[in-house]
Amino acid sequence: QVQVVESGGGLVQAGGSLRLSCTASGLTFDDYAMAWFRQAPGKEREGVSCISSIGDNTHYADSVKGRFTISRDNAKNTLYLQMNSLKPEDTAMYYCAADRLPYDYCGLYEYQYWGQGTQVTVSS
């Protein structure tokens, strides 16, 4: 009965910004590490960023460091990804994922629960 739902994708010019949101229900949100993954046409799925269950640990792919910021609001069961200075190579379907861990940690490995994705398209 777990539901993970992304929103906030869209079409943006290079250099612009978008903020993705992800709401998870049917789970105890602050027990779960959360992550964003993306997959571009013809490419492998890539881990973008993750955040630990209470927000003390974050990781970012090298390709987005300094441009993207992951955050969470446990009171709202919501995960965010602020994306700035977007590039055409950021174009992809972005997926939100959740994974229950026994400690306050996150990594960009396979997660248990996934949303259906939200499309981000960056034009040049």
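*Asks:* Quick one: what's the story with the overall build of the protein chain, residue by residue and with numbers?
*Replies:* In terms of helices and strands, the protein chain carries zero helices and 11 strands. Its helices and strands taken in sequence order, the protein chain reads β-β-β-β-β-β-β-β-β-β-β from the N to the C terminus. Here the C-alpha atoms of the protein chain give a radius of gyration of 13 Å, agreeing with the 14 Å that 2.2 N^0.38 yields for 124 residues. Taken along the three principal axes of its C-alpha coordinates, the protein chain extends 40 × 25 × 25 Å. Sorting the 124 residues of the protein chain into buried and exposed places 44% on the buried side. Counting every atom, the protein chain has about 6,300 Å² of accessible surface; 44% of that belongs to carbon and sulfur. Mean positive and mean negative side-chain charge positions of the protein chain (10 and 13 charges, respectively) differ by 5 Å.

*Asks:* Outline the state of the cysteines, listing residues and values.
*Replies:* Applying the stated criterion across every chain, the model contains two disulfides. What pairs with Cys22 in a disulfide is Cys96, and their sulfur atoms sit 1.9 Å apart. Looking along the S-S bond of the Cys22-Cys96 disulfide, the torsion reads about -75°, which is the left-handed sense. With Cys22 in strand E3 (residues 18–25) and Cys96 in strand E9 (residues 92–100), the pair connects residues that are 74 residues apart, well separated along the chain. Neither Cys22 nor Cys96 differs from the other in exposure class; each is buried. Here Cys50 engages in a disulfide with Cys106; their sulfurs sit 2.1 Å apart. The chirality of the disulfide connecting Cys50 with Cys106 is right-handed, given an S-S dihedral of about 70°.

*Asks:* Give me the lowdown on the packing of aromatic side chains, citing residues and values where you can.
*Replies:* Taken as a whole and assessed by the stated rule, the structure comprises five aromatic pairs. Both rings, one in Phe37 and one in Tyr111, keep their centres 5.7 Å apart while their planes meet at 70°; by these two values the pair is edge-to-face. Pair noted here: Phe37 is in strand E4 (residues 32–39) and Tyr111 is in the loop between E9 and strand E10 (113–114), with a separation of 74 residues, a long-range link. Here the two residues Phe37 and Tyr111 agree in accessibility, since each one is buried. Ring-pair connections join several aromatic residues into one group, and the members of that group are Phe37, Tyr109, Tyr111 and Trp114. Positioned above the aromatic ring of Tyr80 is the side chain of Arg19, whose terminal nitrogen or guanidinium carbon lies 4.0 Å from the ring centre. Between the NZ or CZ atom of Arg45 and the centre of the ring of Phe37, over which it lies, the distance is 5.7 Å.

*Asks:* Give a description of the side chain of Thr78 that names residues and reports values.
*Replies:* You can see Thr78 is positioned in strand E8 (residues 78–83). Overall, Thr78 belongs to the buried group, its relative accessible area being 7%. Reaching out from Thr78, the side chain makes a polar contact with the backbone oxygen of Lys76 at a distance of 2.8 Å. Once you skip the residues sitting within four places of it in the chain, Thr78 turns out to touch Ser21, Cys22, Thr23, Phe29, Arg72 and Asp73.

*Asks:* I'd love a proper account of unusual backbone geometry, names of residues and values included.
*Replies:* With phi around 50°, Asn77 is a residue other than glycine that occupies positive phi space. By secondary structure assignment, the location of Asn77 is in the loop between strand E7 (68–73) and E8.

Cut-offs and rules
- Residues numbered from 1 in each chain as written.
- Predicted model: local features only at pLDDT ≥ 70, side-chain atom pairs only at ≥ 80, totals over all residues.
- Heavy atoms only, no water.
- Helix = DSSP H or I, 4+ residues; strand = E, 2+ residues; numbered from the N terminus.
- Rg over C-alpha atoms; globule rule 2.2 N^0.38 Å.
- Buried < 20%, exposed > 50% of the residue type's maximum accessible area, 1.4 Å probe, protein only.
- Areas by Shrake-Rupley, 256 points an atom, 1.4 Å probe, with all protein chains shown as cover.
- Lys, Arg positive; Asp, Glu negative; His and termini not counted.
- Charge placed at Lys NZ, Arg CZ, Asp CG, Glu CD.
- Disulfide = S-S within 2.5 Å.
- Phe/Tyr/Trp six-rings, centres within 6.5 Å; stacked < 30°, edge-to-face > 60°.
- Lys NZ or Arg CZ within 6 Å of the ring centre and 35° of its normal.
- Polar contact = N/O pair within 3.5 Å; in protein donor to acceptor, adjacent residues only side chain to side chain.
- Contact = heavy atoms within 4.5 Å.

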